[in-house]
Amino acid sequence: MPEYVYRAVDSNGILVRSRVVEKSKQNLIKRLKSNGMTPIDIVQTRVSSNKKKVKKNNLSNIEELMKVANTTGVTKSRQARKVTAKEKLNMTLSIQEKVSYRDLSIFTQSFYLLKKAGFNNIHALTTLIQSTENSTLRGALEDIMSGVEGGDYMYTTMEYYSDIFPYIYINLIKVGELSGSLEESLRQAVDYLESTSALNKKIKQILIPNIAQFVFLFVILMIGSIYIIPIIQNTFEAMGSTERLPAMTMAFSAFLTQLQIYWYIPLTIIAAFIGVVAIYIRTPKGKYNWDYFKYTMPIFGSLIFAIDFSRLSKAMVLNLKNGMRIQESLEVSKNVVKNYVMLSIIEASINNIITGDSWVKPFEDSGLPSPMVTEMLKIGMQTDLPTMMEKLVEYMDMDIDVILTRIVKILPQILYVIIGVLLIFITIVVLVPCIVVYMGAWMFSAAGV
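Predicted model, so just to flag it, every value in this text is computed and none were measured.

*Asks:* Describe the overall build of the protein, with residues and values.
*Replies:* Within the protein, the secondary structure is distributed over 19 helices and 3 strands. In the protein, which comprises 449 residues, the share counted as buried stands at 42%. Long-range pairs, those at least 24 residues apart, make up 65% of the contacts in the protein between residues at least 6 apart in sequence.

In C-alpha cells form, the structure reads like this:
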C-alpha cells in the first residue's frame, strides 16, 4: 500500500508529523479526522507494489497501449515492483515528485485512446498505472482506481489531488462522468491541457526575453546610480572642479541613497498593501470584484472571459446532447469555471428559467459576451440549441485564436515602450555623466581656466 508523510494539528493545537501506510489519501484524511486531528499536508513517499514495469514511460500510441493492455490482468494479484533510486531518494527526503502539464497531458491522451477502444475505467487505469513513471501521478492514479473499484466516480478522488489535477480538469471529468460522456470529456481535457500549454509557451516566448532585457537595464541603472555617479561627483570635488552633474542625476542618486537608509519604510508599505489586497480578495465581495477585473482588464481580460465561456459552452454541449434540459445542463456545466462573475451569471440564468424568463438575458445584460454570442444563443433557443451550441463552440475557438494573435502583436509593443523609457532614463541619469567625464571639460574648471 502507499506510504504517506503527513503533518496535522491535534485537538490541543500541537503539530504532529508522522509516516504511515494507508490504502488511499482519502482514507488517511478520514482516519486523522476521526482521531480529532486536522491535516495540514499529506505527501505520498512510496507507491504500492505494482505489476511488472514497462520500459516505455508515458504511452500515447494506441498500438503500444494495446501491447501493455493485452498483458494486463485486472483480477491478478500485483507482483512486487522494484523501487527506483529516485523513489528511494524521494522517500528518504519526503519529497513529492512534481507532475508537469506534459505528464498529465500524456496520461489524458492515453486514457482517451483506451476509452475510445472500449476499455472500462478500471482496465484503462490499470494499464496506465503500469506505464506511468512519475511516482506522484502513479500514486494518485492508484488512489483513483481504488475509488473506482469501490464504486466512486473518478472525479471524487481527483478532488483530493487538486495540486495535480487543475480545477477545470477535474470538473471536465465530472461533467463527463455525470452526463455519460467521459470519452468526449477526456478529449476536451486534452484540448484544455494542450491549449493552456501552448498559451503559456507563447506568452513566455514574448515575456522572458523582454523581461530579461528590462532586468539587465534596471541593474545597470541601479549600479550606475548607486556606485558610479557618487564616484564621478567625488572626483569633481577632489580635483576642485566647479562642474556639477545634471540635476536629475543628482536627484535620483540622492533618492536611492535615502532608500538604502530607510529601506524598511517602502518595504513595510508594500507588504501592508499586498496583505490588505490579499485579505480583501478572500472576502466574497473582494473575490467578485477581483474576478470582474480579470474579465475587464486590458489585454488579457477578453481572453480570460472567452476561455471560460468556451469551457462552459463545451460542457453544455455534452450535457444537452445527452438529453439534459437547459437548467440541468447549466447546473452541471457551471463546475467547469470558478470565476465568481461567471458563476453569478449562470445562477441568474437558472433563476430566470425557474421564473419563466430567458436564460440568455443575464449573459446579455452583463455586457461581457459579444453581441454575436448572445444572438447565436437566442437563435439556438428558437431552433436547435445543441446544434447552435456546437457552432458557438467553433466560433469561440476562432475568437480565442484571434484574441491570442492580437495579444501576441500588442504585448511586445508595450514591452518595447517600457524598455525604451528605461533606456532614455539610463541615458539621462548614467550615460550623460560618463560622457561629461570622457570629454574632460571639467578639468578646465579644476585648473581655474
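Now that the structure has been shown, the text picks up again.
*Asks:* So, the nonpolar core: which residues are in play, and what are the values?
*Replies:* Counting residues in hydrophobic clusters, the biggest one holds 83 residues, and the most contacted among them are Phe-107, Phe-165, Tyr-169, Phe-309 and Met-342. Setting aside its immediate chain neighbours within four residues, Phe-165 contacts Leu-104, Phe-107, Leu-137, Ala-140, Ile-144, Met-158 and Ile-170. Counting residues in each nonpolar core, the second largest holds 10 residues, with Leu-217, Leu-221, Val-429 and Val-430 among its members.

*Asks:* Can you explain the packing of aromatic side chains? Please cite residues and give values.
*Replies:* What the rule picks out here adds up to 13 aromatic pairs. Taking 6.3 Å as the distance between ring centres and 15° as the angle between the ring planes, the aromatic pair formed by Phe-214 and Phe-218 counts as stacked. Pair noted here: Phe-214 and Phe-218 are both in helix 9 (residues 182-238), with a separation of 4 residues, about one helical turn. Given the relative accessible area of 32%, Phe-214 is considered partly exposed. Among the aromatic side chains, those forming a connected cluster through ring pairs are Tyr-295, Phe-305, Phe-309, Trp-359 and Phe-363.

*Asks:* Lay out the side chain of Lys-115 with the relevant residues and their values.
*Replies:* Tracing the backbone shows Lys-115 in helix 4 (residues 101-116). In this structure Lys-115 is buried but unpaired, with Glu-183 as the nearest side chain of opposite charge at 7.2 Å. Ignoring anything within four residues of it in the chain, the contact list for Lys-115 reads Asn-120, Asn-121, Leu-182, Glu-183 and Leu-186.

*Asks:* Residue-level account of unusual backbone geometry, with values.
*Replies:* Most peptide bonds are trans, and most residues other than glycine sit at a negative phi. In the Ramachandran plot, Ile-299 falls in the positive-phi region, its phi being about 70° despite a non-glycine side chain. Inspection of the secondary structure puts Ile-299 in the loop between helix 12 (284-296) and helix 13 (301-321).

*Asks:* Can you explain helix 5 (residues 121-130)? Please cite residues and give values.
*Replies:* In terms of burial, helix 5 is a largely internal element, 8 of the 10 residues being buried. Within the sequence span of helix 5, burial applies to Asn-121, Ala-124, Leu-125, Thr-126, Thr-127, Leu-128, Ile-129 and Gln-130. The N-cap of helix 5, judged by a side-chain oxygen 3.2 Å from the amide nitrogen of Ile-122 a few residues on, is Asn-120.

*Asks:* Can you explain the environment of Leu-343? Please cite residues and give values.
*Replies:* Relative to the helices and strands, Leu-343 resides in helix 15 (residues 340-355). For Leu-343, a relative accessible area of 23% translates into the label partly exposed. The spacing of Leu-343 and Tyr-288 is 55 residues in sequence and 9.9 Å in space, taken between C-alpha atoms. Among residues more than four places away in sequence, those in contact with Leu-343 are Lys-334, Val-337 and Lys-338.

*Asks:* Residue-level account of the side chain of Thr-157, with values.
*Replies:* Tracing the backbone shows Thr-157 in helix 7 (residues 154-158). Relative accessible area serves as the criterion here: at 0%, Thr-157 is assigned to the buried category. Residue contacts for Thr-157: discarding those within four places in its chain leaves Gln-26, Asp-143, Ile-144 and Gly-147.

*Asks:* Give me the confidence of the model for the protein: which residues, what numbers.
*Replies:* On average, the protein scores 79 in pLDDT, and the residues at 70 or more come to 83%. Low pLDDT, under 50, characterises residues 72-81; the predicted model gives this stretch 26 contacts beyond four residues in sequence or across chains. In the predicted structure, residues 90-94 sits below a pLDDT of 50 and forms 14 contacts with residues beyond four places in sequence or in another chain.

*Asks:* Before we move on, could you go through the pattern of salt bridges and cite the residues and values that matter?
*Replies:* Once the charged atoms of two side chains with opposite charge are near each other, the side chains can pair. Enumeration over the complete set of coordinates arrives at 12 salt bridges. Between Lys-334 and Glu-347 there is a salt bridge, and its shortest N-O distance comes to 2.5 Å. One end of the pair, Lys-334, is in the loop between helix 14 (326-333) and helix 15; the other, Glu-347, is in helix 15, and 13 residues separate them in sequence.

*Asks:* Outline the packing of helix 12 against helix 15, supporting the account with residue identities and numerical values.
*Replies:* Two elements in contact, helix 12 and helix 15, have axes separated by 7 Å at closest approach and are oriented at 100°. Our classification of the angle between helix 12 and helix 15 gives roughly perpendicular. Residue-level inspection shows Pro-284, Lys-287, Tyr-288, Asp-291, Tyr-292 and Tyr-295 of helix 12 in contact with helix 15, the latter providing Tyr-340, Val-341, Met-342 and Ser-344. Looking at side-chain class alone, the contact of helix 12 with helix 15 contains 7 nonpolar, 1 polar and 2 charged residues.

*Asks:* Give a detailed account of helix 12, specifying residues and quantitative values.
*Replies:* Across its 13 residues, helix 12 extends 18 Å between first and last C-alpha, which sits within 8% of the 18 Å expected from 1.5 Å per residue. Of the positions making up helix 12, those classed as buried are Gly-286, Asp-291 and Tyr-295. Along its buried surface, helix 12 packs onto helix 11 (264-282), helix 13 and helix 15.

How each quantity is defined
Residues numbered from 1 in each chain as written. Predicted model: local features only at pLDDT ≥ 70, side-chain atom pairs only at ≥ 80, totals over all residues. Heavy atoms only, no water. Helix = DSSP H or I, 4+ residues; strand = E, 2+ residues; numbered from the N terminus. Buried < 20%, exposed > 50% of the residue type's maximum accessible area, 1.4 Å probe, protein only. Contact = heavy atoms within 4.5 Å. Core = buried A, V, L, I, M, F, W, Y, C linked by side-chain atoms within 4.5 Å. Phe/Tyr/Trp six-rings, centres within 6.5 Å; stacked < 30°, edge-to-face > 60°. Lys, Arg positive; Asp, Glu negative; His and termini not counted. Salt bridge = Lys/Arg side-chain N within 4 Å of Asp/Glu carboxyl O. Polar contact = N/O pair within 3.5 Å; in protein donor to acceptor, adjacent residues only side chain to side chain. pLDDT = per-residue confidence, 0-100. Axes fitted to C-alpha atoms, helices over the stretch in contact; angles between N-to-C directions. Parallel < 35°, antiparallel > 145°, perpendicular 65-115°, else oblique. Nonpolar A, V, L, I, M, F, W, Y, C, P; charged D, E, K, R; others polar. Expected span 1.5 Å × (residues − 1).

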